Number of protein chains: 2
Amino acid sequence: MSRYILTIEYDGTPFCGWQRQKDVATAQGRLEDAMLPFLKKKITLFGSGRTDTGVHALGQVAHFDFDGHIDCFRLMECMNAYLLDVPMNVLSLQEAAEGFHARASAIERQYLYKILNRQAKPCLDANRVWHVSPRLDAAAMHRAAQFLVGKHDFSTFRAAGCQAKSPVKTMDQITVTQDGDILAIRVVARSFLYRQVRNIVGSLVLVGRGKWSTQDLLDALGACDRRRAGPTAPACGLYFVGTKYPCAQ
Amino acid sequence: MSRYILTIEYDGTPFCGWQRQKDVATAQGRLEDAMLPFLKKKITLFGSGRTDTGVHALGQVAHFDFDGHIDCFRLMECMNAYLLDVPMNVLSLQEAAEGFHARASAIERQYLYKILNRQAKPCLDANRVWHVSPRLDAAAMHRAAQFLVGKHDFSTFRAAGCQAKSPVKTMDQITVTQDGDILAIRVVARSFLYRQVRNIVGSLVLVGRGKWSTQDLLDALGACDRRRAGPTAPACGLYFVGTKYPCAQ
């Protein structure tokens, strides 16, 4: 039995998230279906992380097992031909190192959240950004966000339905940068709680609007209470950028 | 009679270009219709330049005349409310200086052309880029493009149906830059021939693929013959970035 690893990008708009479900289009479902014509066998993919409906992926990673040799390049080409009518691509496909697991082996995950901060609605960026009209102070958001870096109980930013055993996570990095009317929030950690990024972004926007001080954000974090967080930022602004694994893999 | 100036952005995908036509959606047509509820009068817009079907605009400029005072901010808000279901926004609207004309007063026009240069089809960039699979040499394209800067007879890059009196134009600037798998070609001139940018991009891609040398591009330009140009690059990669006017306006 050999293990293979795929890197996948998709526009989350038409998908009901990553995880295979009955009767609706999901990223995992479409990918598994796309393997069938070539492998002639039902395959189960294991993703490095799930994405919600509408969330995009620039570098989702998944693995699968197969009993026999696969011509990786031909399988990738075949899958991409099958995926021509959906906004999803397999970017790479190769045999994995011994013991590799797309979820368990990950040592770092990176997300990007994009906000369009202007009066006019999104146009060329529709479904790619969260549209926030009131003027945001990106520098204040960045300063406040630095207090979330490190090991914390993130219960405040954890959504119902989270399957993580512990609400304690270590945030490696958060940056808020501005380029014209686009704010980019980049978040890096080994792993995240369910909707942690979107809940943090929703609270940072309160800071950016001047409704919350840095202390308000700290108080919310310290309360370990979901009801103390700001609103959840919408899915369409979120991008699963990628996952890092130890070099050996 | 007062003259007003608008700046408009649109995703060109759903529009049959800028110019109003009967029975099809065009940018000019939708904008003029959007003025009706507020101004209670049929208005004709004069754009700074036409865009073809599928070509995007980040900063199209247009003017119109109206007999009477207009609350510009309220008109803009009203138009944007009317345009909520189409990927188009009015970004600014104000009274124009005496003698201003969106097309005739322009002293500079800027276009951007985006190429996605990789094997996999566009995903999050669908309808926003030209997908070119073979590896392009952006530096070679930039070097060759510099020979197009200055005053030339651009007949080779002029499409049928061009209404310009002369094929002689002065190209102020062309740059080809690369950021990951995106190539950006920026072109600046006072005015352009019909499809000049897309025809130039098509030829530069031949240079980038190594099919044409810089000399081949020069020979094509010198031939003043449309049949000597490369293929016309598709509309979806082209963005009308904006128009500059003398400071007084």
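Just so it is clear, the model here is predicted, and its values are computed rather than measured.

Asker: Is there a simple way to explain the interface of chain B and chain A in this structure?
Answerer: Often, the extent of an interface is quoted as the loss of accessible area on bringing the components together. Each partner contributes residues to the interface: chain B has 23 residues there, and chain A has 23 residues. Where chain B abuts chain A, roughly 1,600 Å² becomes buried across the two surfaces, and 58% of that area is made up of carbon and sulfur atoms. Sorting the residues of chain B by area buried against chain A places Lys 121, Cys 123 and Leu 124 of chain B first, and these three jointly supply 45% of that buried surface. Taken together, the links from chain B to chain A amount to two salt bridges.

Asker: What is the right way to look at the packing of helix H1 (residues 27-39) of chain A against helix H2 (residues 72-82) of chain A in this model?
Answerer: Relative placement of two packed helices is described by the angle separating their axes and the distance separating the axes. Residue and element names in this part refer to chain A. The interhelical angle for the contact between H1 and H2, taken along N-to-C directions, is 120°, at an axis separation of 9 Å. The angle between H1 and H2 falls in the class oblique. Considering how the two elements wind past one another, H1 and H2 form a crossing that is right-handed. From H1, Arg 30, Leu 31, Asp 33, Ala 34, Met 35, Pro 37, Phe 38 and Leu 39 reach across to H2, where they touch Arg 74, Leu 75, Cys 78, Met 79 and Tyr 82. Split by residue class, the contact of H1 with H2 holds ten nonpolar, no polar and three charged.

Asker: Which parts of the structure should I look at to understand helix H5 (residues 214-223) of chain A?
Answerer: Since the α-helix advances by 3.6 residues per turn, residues separated by three or four positions end up pointing in the same direction. Residues and elements named next belong to chain A. Those residues of H5 that fall on the buried side of the exposure criterion are Leu 217, Ala 220 and Leu 221. In a view along the axis of H5, the buried residues occupy a sector of 100°, so they form one face of it. Where H5 ends, the next residue or the one after it, Cys 224, has phi of about 50°, a positive value.

Asker: What is the right way to read the packing of aromatic side chains from this model?
Answerer: What characterises a pair of aromatic rings is the spacing of the ring centres plus the angle enclosed by the ring planes. Residue and element names in this part refer to chain B. Per the counting criterion, the structure on display carries 14 aromatic pairs over all chains. Ring geometry for Phe 100 against Tyr 245: centres 4.7 Å apart, planes inclined by 65°, an arrangement best described as edge-to-face. Note that Phe 100 is positioned in the loop between strand E4 (88-95) and strand E5 (108-117) and Tyr 245 in the segment after strand E10 (238-244), a separation of 145 residues in sequence. Looking at Phe 100, the relative accessible area reads 1%, which means it is buried.

Asker: Any chance you could explain the side chain of Thr 243 of chain A here in plain terms?
Answerer: All names here are of chain A. Inspection of the secondary structure assignment puts Thr 243 in strand E10 (residues 238-244). Relative accessible area serves as the criterion here: at 14%, Thr 243 is assigned to the buried category. A polar atom in the side chain of Thr 243 sits 3.2 Å from the side chain of Ser 48. In this structure, Thr 243 is in contact with Ser 48, Gly 59, Val 61, Ala 106, Glu 108 and Arg 109, ignoring residues within four places of it in sequence.

Asker: Explain the relation of the copies chain B and chain A to me, please; I cannot follow it from the model alone.
Answerer: What relates the pair of chain copies is a rotation about an axis plus a shift along that axis. Note on the copies: chain B fits chain A at an RMSD of 0.0 Å, the axial shift is 0.0 Å, and the rotation between them is 180°. Taken together, the turn and the small shift mark the pair as related by a two-fold rotation axis. Considering only C-alpha atoms, the part of chain B nearest the rotation axis is Asp 125 of chain B, at 4.8 Å.

What counts, and where the lines are drawn
- Residues numbered from 1 in each chain as written.
- Chains lettered and ligands numbered in written order.
- Predicted model: local features only at pLDDT ≥ 70, side-chain atom pairs only at ≥ 80, totals over all residues.
- Heavy atoms only, no water.
- Contact = heavy atoms within 4.5 Å.
- Buried area = accessible area lost by both parts, 1.4 Å probe.
- Salt bridge = Lys/Arg side-chain N within 4 Å of Asp/Glu carboxyl O.
- Axes fitted to C-alpha atoms, helices over the stretch in contact; angles between N-to-C directions.
- Helix = DSSP H or I, 4+ residues; strand = E, 2+ residues; numbered from the N terminus.
- Parallel < 35°, antiparallel > 145°, perpendicular 65-115°, else oblique.
- Left-handed = near helix turned anticlockwise from the far one by under 90°.
- Nonpolar A, V, L, I, M, F, W, Y, C, P; charged D, E, K, R; others polar.
- Buried < 20%, exposed > 50% of the residue type's maximum accessible area, 1.4 Å probe, protein only.
- Arc of directions from axis to C-beta.
- Phe/Tyr/Trp six-rings, centres within 6.5 Å; stacked < 30°, edge-to-face > 60°.
- Polar contact = N/O pair within 3.5 Å; in protein donor to acceptor, adjacent residues only side chain to side chain.
- Least-squares fit on C-alpha atoms with pLDDT ≥ 70 in both.

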